[in-house]
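Residues per chain are reported as follows:
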Amino acid sequence: MSYLTNAQLKKMGFKFLGENVKISDKACIYDADMISIGNESRVDDFCILSGKINIGKYVHITPMCLIAGGKLGVTLSDFCTLAYGVKIFSQSDDYSGLTMVNSLVDSKYKSEIFSPVLLVKKCYCWY
C-alpha cells in the first residue's frame, strides 16, 4: 500500500489534519475542507470519504469503506476501526415508495432522511 506524502495531504485542504496521518493514494477524498482527521489515523485503499466527517485519533478505516458525512456529519471517536467494506451514511433517500429517489432528482420531488452518526470510542464496525 502506498500512502500520500505529508505535502500532498496538506495540499488537499483538510479542515484539520493531525500528525502521522496515513491515507492511501488509492483512496478518494471529497470535501476535504469538511473533514478532520486526528493523529495516527489511517485510511486504506479504495475508501471514499465525503461530506462532514470527524475522525479521531488512532482510527483505522480499512479497505473499501465508504463514509458519506453529508450535512450533519459522521464522527468516528478515538480508537475506532471500520472493517473491510463498511458503509456509513448520515443521510439517505426515503425508500418507502412515497417519493422519488436518486441523487440526480431535485429535492422537491423526494424526501431525504438526515441524522448525525456517532461511533463511540473504541468502536469496531464490521458490517
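Above: the structure in question.
Anyway, here's the lowdown on the structure attached to this text. (Residues numbered from 1 in each chain as written. Predicted model: local features only at pLDDT ≥ 70, side-chain atom pairs only at ≥ 80, totals over all residues. Heavy atoms only, no water.)

### Points about the overall build of the chain
For clarity, the threshold we go by: Helical segments are the DSSP runs of H or I of at least four residues, strand segments are the runs of E of at least two, and each set is numbered from the N terminus. Exposure categories follow from relative accessible area, calculated using a 1.4 Å probe and restricted to protein chains: below 20% of the type maximum is buried, above 50% is exposed, and the middle band is partly exposed. Residue contacts are counted whenever heavy atoms from the two residues lie within 4.5 Å of one another. Using a 1.4 Å probe, accessible areas were evaluated by the Shrake-Rupley method; residue-level cover was limited to the displayed protein chains.
A tally of helices and strands in the chain yields 1 helix and 16 strands. In terms of principal-axis extent, the alpha carbons of the chain reach across some 45 × 30 × 25 Å. Expressed as a percentage of its 127 residues, the buried residues of the chain come to 40%. Here the analysis covers contacts within the chain between residues at least 6 apart in sequence; of these, 18% occur between residues at least 24 apart. In the form shown here, the chain has an accessible surface area of approximately 7500 Å², with 56% of it arising from carbon and sulfur atoms.

### Some points on the sheet that holds strand E5 (residues 42-43)
This is how the line gets drawn: Strands pair, by our definition, only if DSSP identifies at least two bridges between them.
Pairing within the open sheet is parallel, and its 5 strands lie in the order E2-E5-E8-E11-E16. On the outer flanks of this sheet lie strand E2 (22-23) and strand E16 (124-125), each paired with one strand and no other. Two strands pair when backbone bridges link them, and E2 and E5 are joined in this way by 2 bridges, in the parallel orientation. Counterpart to Lys-22 in the pairing with E5 is Arg-42.

### Regarding the nonpolar core
How we decide: For the purposes of this section, nonpolar cores are sets of buried Ala, Val, Leu, Ile, Met, Phe, Trp, Tyr and Cys residues that join through side-chain atoms within 4.5 Å.
Counting residues in each nonpolar core, the largest one holds 28 residues, and the members touching the most others are Phe-14, Ile-23, Leu-49, Ile-61, Ile-67, Leu-76 and Leu-82. Those elements that place two or more of their residues in this core are strand E4 (35-37), strand E7 (53-55) and strand E10 (74-76).

### Observations concerning the packing of aromatic side chains
The condition is simple: Geometry of aromatic contacts follows a simple scheme: Phe, Tyr and Trp rings, the Trp one being its six-membered ring, pair when their centres are within 6.5 Å, and the pair is stacked under 30 degrees between planes, edge-to-face over 60, tilted otherwise.
Here the structure, examined in full by the defined rule, presents 2 aromatic pairs. Plain terms: the ring middles of Tyr-124 and Trp-126 are 6.2 Å apart, the flat faces sit at 25° to each other, and that makes the pair stacked. The exposed category is assigned to Trp-126, whose relative accessible area is 56%.

### Digging into the pattern of salt bridges
For clarity, the threshold we go by: Salt bridges, as used here, are contacts in which a Lys or Arg side-chain nitrogen is within 4 Å of a carboxyl oxygen on Asp or Glu.
Tallying each qualifying case throughout the model produces 3 salt bridges. Between Asp-25 and Lys-26 there is a salt bridge; the shortest N-O distance is 3.4 Å. The shortest N-O distance in the salt bridge between Arg-42 and Asp-44 comes to 2.7 Å. You can call Arg-42 partly exposed: its relative accessible area is 29%. Given a relative accessible area of 2%, Asp-44 falls into the buried group.

### Brief notes about unusual backbone geometry
A negative phi holds for most residues other than glycine; trans holds for most peptide bonds. The backbone of Glu-40 sits at a positive phi, close to 65°, despite the residue not being glycine. By secondary structure assignment, the location of Glu-40 is in the loop between E4 and E5. The class for Glu-40 is partly exposed, based on a relative accessible area of 33%. Unusually for a residue other than glycine, Phe-46 sits at a positive phi of about 65°. Residue position: Phe-46 is located in the loop between E5 and strand E6 (48-50). With a relative accessible area of 52%, Phe-46 lands in the exposed category.

Don't take any of this as a statement about function, it's just geometry.
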